[in-house]
Amino acid sequence: MQELLEQIKQQITLYTENAEAYASKNSKAAGARARKATLELTKLFKEFRKNSIEDSKK
């Protein structure tokens, strides 16, 4: 679970940096990286939810 939380933190940081670069500099590449990070975050959040539910059943 700890590893999953670290991955989520890394992706949030990546998203934040790229979203800010896209917004301030209108960098198309940064926008693409930010969108990619959101897709990865979606996967990680689903995995977190699954693990959390399993842990609560124990």
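As the structure is a computational prediction, the values presented were derived from the model and not from experiment.

Caption draft 1: Quick look at helix 2 (residues 28-57). For helix 2, with 30 residues, the first-to-last C-alpha span of 44 Å sits near the 44 Å given by 1.5 Å per residue. Three or more residues of helix 2 are buried, namely Ala30, Gly31, Ala34, Ala37, Leu41 and Leu44.

Caption draft 2: A look at the side chain of Gln11. Along the chain, Gln11 falls in helix 1 (residues 2-25). Residue Gln11 is classed as buried on the basis of its relative accessible area, which comes to 18%. Sequence-distant contacts of Gln11, that is, excluding residues within four places in its chain, are made with Ala37, Glu40, Leu41 and Leu44.

Caption draft 3: The arrangement of the packing of helix 1 against helix 2 in detail. Direction vectors running N to C along helix 1 and helix 2 enclose 155°, while the axes themselves pass 8 Å from each other. Considering their axes alone, helix 1 and helix 2 lie roughly antiparallel with respect to each other. Classified by chirality, the crossing of helix 2 by helix 1 is left-handed. Partitioning the contact of helix 1 with helix 2 into residue classes produces 16 nonpolar, six polar and four charged.

Conventions adopted
- Residues numbered from 1 in each chain as written.
- Predicted model: local features only at pLDDT ≥ 70, side-chain atom pairs only at ≥ 80, totals over all residues.
- Heavy atoms only, no water.
- Helix = DSSP H or I, 4+ residues; strand = E, 2+ residues; numbered from the N terminus.
- Expected span 1.5 Å × (residues − 1).
- Buried < 20%, exposed > 50% of the residue type's maximum accessible area, 1.4 Å probe, protein only.
- Contact = heavy atoms within 4.5 Å.
- Axes fitted to C-alpha atoms, helices over the stretch in contact; angles between N-to-C directions.
- Parallel < 35°, antiparallel > 145°, perpendicular 65-115°, else oblique.
- Left-handed = near helix turned anticlockwise from the far one by under 90°.
- Nonpolar A, V, L, I, M, F, W, Y, C, P; charged D, E, K, R; others polar.

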